[in-house]
Amino acid sequence: MSGQDQSLGDELKRLINTGGIEVPMLPEIANKALVLAQNPDSDASEMAALIQGDQSLAAHVMRIANSVAFTPLSNLVSLQQAIARLGMATISEIALTAAIGAKMFNTPGYEEYVAGIWKHALATSLWSKEIARHGRSNVEVAFLAGLLHSIGRPAVLQAILDLAKKQNVSLSKGEVQHLENSYCQQVSQAVVHSWKMPTLVIEAISAYTDQNSDLPLGLQAAQITVGSRFATHMLKPENLDKEILLMLPALDTLNLYQDEVETLLGKTEMIKGRLEGLSS
Amino acid sequence: MSNEQFDYDVLVIGSGPAGQKSAIQAAKAGQRVGIVERDSLFGGACVHRGTIPSKTLRENALRVKHMRQNAALADFELGEDTEMHTLINRLDEVLKSHDDYMRKQIDRNNVQRIHGRASFVDNHTVKITKVSGETVDLKVNTVIIAAGSYPRNPDNIPIDHEHLFDSDSILSMLYLPSSLTVLGGGVIASEYASIFQALGVKVTMIDRYPTPLGFLDSDMTDTFVGAFKNMGGTWMGSQKVAKVYWDGISEVVTECEDGTVVRSQKLLCAAGRLANVKELQLENAGLALNERGLISVDDNLCTNVSNIYAAGDVIGPPSLASASMEQGRRAACNALGVEIGSMSQLIPAGIYSIPELSSVGLTEKQARDQHVNVLVGTAQFSEVARGQISGNTEGMLKIVADAEGKKILGVMLVGEGSTEVVHIGHMAMLCDADVDIFVESTFNFPTLAEAYRVAALEILAQRPES
């Protein structure tokens, strides 16, 4: 570690430990979409009104709703229609992923990298959801926890770049990577706390990001772990082949036998389609 | 084959109540015992998906109900966004303590735990497939199948574990829903319907039979339905479900054959449970399922293959944890030739709905079918001081006696505390005591046990003059 890296790292650590790091705000629209989807008394018209309030989001939702992955053979013309066709929960997922996507972070020079992290997180959320469904466990927790499991990476990256700029320090990509790896887990936990995610989501991400502890991996954390590996295998099979995937220790926690893993992998095309839809 | 050639003298498949007790019993008889569990967690569905989680939720539902009843003491409403996790907050502790206890007991008795899926190669060889895909063939002298059950999902109910749940996934909901449709009228349906209603969820129970829990007398089920309706629940009996679907927006739609449509935020399908045997490859051992999809056993719990026994949910009703434990113990004893007393057919049934129901022996209807003339005594909890003091007035106790008004044929209760109080009647029946025992004995006052005396006095008053 270089001196610059060390000093910036110390400052970063101090900021994280004192709660001084700037945690991105959960965009209001994402927050409202989440609340509406969870509120049993809300209806499609409220969700439509919310999304219509943000033109680019409305266009995004309509584009996704009309994509082949979501509504093959149909042509949706209104948001109400899209919500009726896809459901409040799906529309909320679309709004959430659109609102807290890669564009939320200001990371000059790392835009493509952050987009990659985000795409992987999205794929993780979709796989975690299917894994949870297979195990008759909570699909909403799995989706949210999968989506946010690596939220600390772009957040800490932004903090590193901001600090470097403030201190007029030039860091190599390797140094940035090192700092990001060192602190991303703590920041992931800080973000989900700050966003007041449901207790189970916070617990799942805490357990996922704290896998070095001696505690056994919890169910939800194992779902994210496996979901994340499935996502890597799907997006970059050269980085993780099927043989290694089948040997993941977390499969044991989830009690996923080899034939069940094969069954889940059979959903790859469906997940790919949905991922394309959500990230288009 | 000599015993030395076997890897295990007894191999038990499944670690639920039946499996555990059979393994412990066999080990206590000096056998080398292995217990196979496909799940990484020990204890079966009873511990992790059924009995214990639902009863933990029930305890909190009762607290909520009591707080609502005592509005003068506490103005209480559950928040709209109450997480299910909050409502079963003690579950982790309860499960951990149960798991610790079970593991210690298994280890203390030198029973070897095997994590994997079991399937028969032949009647003396069981293949274990581990999660990693690795397999090992075990040579075993005796096998006890106690693999439990899983929810039956009818073809026309598209369970997705997101909007439409079965009894194994219902507690995975993130938030307490505003409304819930419960399909079914059996034990699981009645328990969950009343628990969620007590929590303030708008529950609609739909079943094809006119009353829920049809194996009990109608006065018992009427009391249950009355209490359920008083909490705000809706019972729709004699209804056939034509179609169920998620409307794609925010509700599950249940269409009945008579045109009635019920909409709710979530749906629970509780349409019975099936034997968990599809991975066992029973045919390789010479076994087959009966027409009800269960494993048939004789009075000794032995299957049609002499070295294979079965116990618990895989053999069918009563499908109660208490009965499964005893079956497991007896299956091991029978397999090993260990002498046991005659198995009492007198197994109490406990239904952990709100209010609870419990019974032992014959129902009034069964007694009238079998004995023609019977005498019946009842006591309403509202007539008993303890019922009034605790506000537990929605309940009753019924004693069914023979035509002489002496022999106790059955005892049934509905109301809080029923699953405990039934054991007084149970013990009296096991001792072959006359109805008079309830009149001649002194019970604590005030207690619900007093209801036994009230009901017994009613029978005594009807006794034929000798």
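Computed from a predicted model, the values in this text were never measured in an experiment. (Residues numbered from 1 in each chain as written. Chains lettered and ligands numbered in written order. Predicted model: local features only at pLDDT ≥ 70, side-chain atom pairs only at ≥ 80, totals over all residues. Heavy atoms only, no water.)

### Some remarks on the overall build of chain A
From N to C terminus, chain A includes 16 helices and 0 strands. By the burial criterion, 54% of the 280 residues in chain A qualify as buried. Taking contacts inside chain A between residues at least 6 apart in sequence as the whole, the part at least 24 apart equals 70%. Carbon together with sulfur atoms contributes 51% to the accessible area of chain A, which is approximately 12,600 Å² in total. (Helix = DSSP H or I, 4+ residues; strand = E, 2+ residues; numbered from the N terminus. Buried < 20%, exposed > 50% of the residue type's maximum accessible area, 1.4 Å probe, protein only. Contact = heavy atoms within 4.5 Å. Areas by Shrake-Rupley, 256 points an atom, 1.4 Å probe, with all protein chains shown as cover.)

### Quick word on the layout of surface pockets
All names here are of chain A. What the second largest pocket holds in volume is close to 710 Å³. Within the residue set of the lining of the second largest pocket, elements represented by two or more residues are α7 (111-134), α10 (173-194), α11 (199-209) and α12 (219-235). At 5 residues, the largest contribution of residues to the lining of the second largest pocket is made by α7. (1 Å grid on protein atoms, 1.4 Å probe; cavity = no way out; pocket = protein on both sides within 12 Å on 5 of 7 lines; lining within 4 Å. Points joined across faces, edges and corners; volume = space filled by probe spheres on them.)

### Concerning the pairing of strand β19 (residues 357-361) of chain B
Along any regular strand the residues' side chains alternate between the sheet's two faces. All names here are of chain B. The buried count for β19 comes to 4 of 5 residues, which makes it a mostly enclosed element. Note: strand β18 (residues 349-351) against β19, 3 bridges, orientation antiparallel. Residue pairing for β19: I351 is matched across the bridge by L357. Connecting β18 to the antiparallel partner β19 that follows it, the hairpin turn spans 5 residues. By the bridge criterion, 5 bridges tie β19 to strand β22 (residues 408-414) in an arrangement that is antiparallel. Bridging across to β22, G361 finds its partner in G410. (Pairing = 2+ DSSP bridges.)

### Points about the packing of helix α1 (residues 17-28) of chain B against helix α8 (residues 321-336) of chain B
Packed helix pairs are characterised by how far apart their axes lie and by the angle those axes make with each other. Residue and element names in this part refer to chain B. At their nearest, the axes of α1 and α8 sit 7 Å apart, and the two run at 35 degrees to each other. Crossing of α1 against α8: the hand is right-handed. Touching P17, A18, K21, S22, Q25 and A26 of α1 are A321, S324, M325, G328, R329, A332, C333 and L336, all from α8. Residues that form the contact of α1 with α8 fall into these classes: 8 nonpolar, 4 polar and 2 charged. (Axes fitted to C-alpha atoms, helices over the stretch in contact; angles between N-to-C directions. Left-handed = near helix turned anticlockwise from the far one by under 90°. Nonpolar A, V, L, I, M, F, W, Y, C, P; charged D, E, K, R; others polar.)

### Some remarks on the confidence of the model for chain B
Note: predicted coordinates in regions of low pLDDT should not be interpreted at a detailed level. Of the residues in chain B, 92% have a pLDDT of 70 or more, and the chain-wide mean is 90. Under the prediction, the complex receives an ipTM of 0.71, its pTM being 0.79. (pLDDT = per-residue confidence, 0-100.)

### Remarks on the sheet that holds β18(B)
Residue and element names in this part refer to chain B. Reading across the sheet, the 5 strands line up as β18-β19-β22-β21-β20 and stay open at both edges, with antiparallel pairing between neighbours. Unpaired on one side and paired on the other, β18 and β20 (375-380) mark the two borders of the sheet. In this sheet, neighbouring strand axes are inclined to one another by 10 degrees on average, regardless of whether the strands run parallel or antiparallel. The sheet contacts of helix α13 (residues 450-462) involve β20, β21 (396-401) and β22, and relative to β20 the element is tilted by about 145 degrees.

### A closer look at the interface of chain A and chain B
Taken together, the contacts link 34 residues of chain A with 35 residues of chain B. Around 2,800 Å² of area is buried between chain A and chain B when both sides are counted, 48% of it from carbon and sulfur atoms. On the surface where chain A and chain B come into contact, there are 7 salt bridges. Here E260(A) and R117(B) are joined by a salt bridge, their closest N and O atoms 3.8 Å apart. If you look at where chain A meets chain B, you find 13 residue pairs in polar contact (both at pLDDT 80 or more). Breaking the side of chain A that touches chain B down by element, the ones donating at least two residues are α5 (79-86), α6 (88-99), α7, α8 (139-148), α11, α14 (250-254) and α15 (258-265) of chain A. For the side of chain A that touches chain B, the leading source of residues is α5(A), giving 4 residues. For the side of chain A that touches chain B, the residue count by class is 14 nonpolar, 10 polar and 10 charged. (Buried area = accessible area lost by both parts, 1.4 Å probe. Salt bridge = Lys/Arg side-chain N within 4 Å of Asp/Glu carboxyl O. Polar contact = N/O pair within 3.5 Å; in protein donor to acceptor, adjacent residues only side chain to side chain.)

### Points about helix α6 (residues 187-198) of chain B
Residue and element names in this part refer to chain B. With 12 residues, α6 should reach 16 Å at 1.5 Å per residue; the first-to-last C-alpha distance of 16 Å fits that figure. A189, S190, E191, Y192, A193, S194, I195, F196, Q197 and A198 are the residues of α6 that are buried. Count one or two residues on from α6 and you reach G200, which has phi positive near 100 degrees. (Expected span 1.5 Å × (residues − 1).)

### Focus: empty space enclosed by the protein
Residue and element names in this part refer to chain B. Applying the stated criterion to the full structure yields 1 cavity of 30 Å³ or more. Its volume calculated, the largest cavity comes out at about 30 Å³. In this structure, the largest cavity is lined by S179, L180, T181, K202, T204, V262, R263 and S264. Taken together, the elements giving at least two residues each to the lining of the largest cavity come down to β9 (179-183), β10 (202-206) and β14 (261-264). The residue makeup of the lining of the largest cavity, split by class, is 2 nonpolar, 4 polar and 2 charged.

### Description of the sheet that holds β14(B)
Residue and element names in this part refer to chain B. A sheet is described by the order of its strands in space; here 3 strands give the open sequence β12-β13-β14, paired in antiparallel fashion. Lying at the two open borders of the sheet, with one neighbouring strand each, are β12 (241-246) and β14. Here the strands of the sheet are splayed against their neighbours by 15 degrees on average, with no regard to which way each runs. Relative to strand β13 (residues 252-256), β12 runs antiparallel, the two sharing 5 bridges. Directly across from K243, in β13, lies its bridge partner E255.

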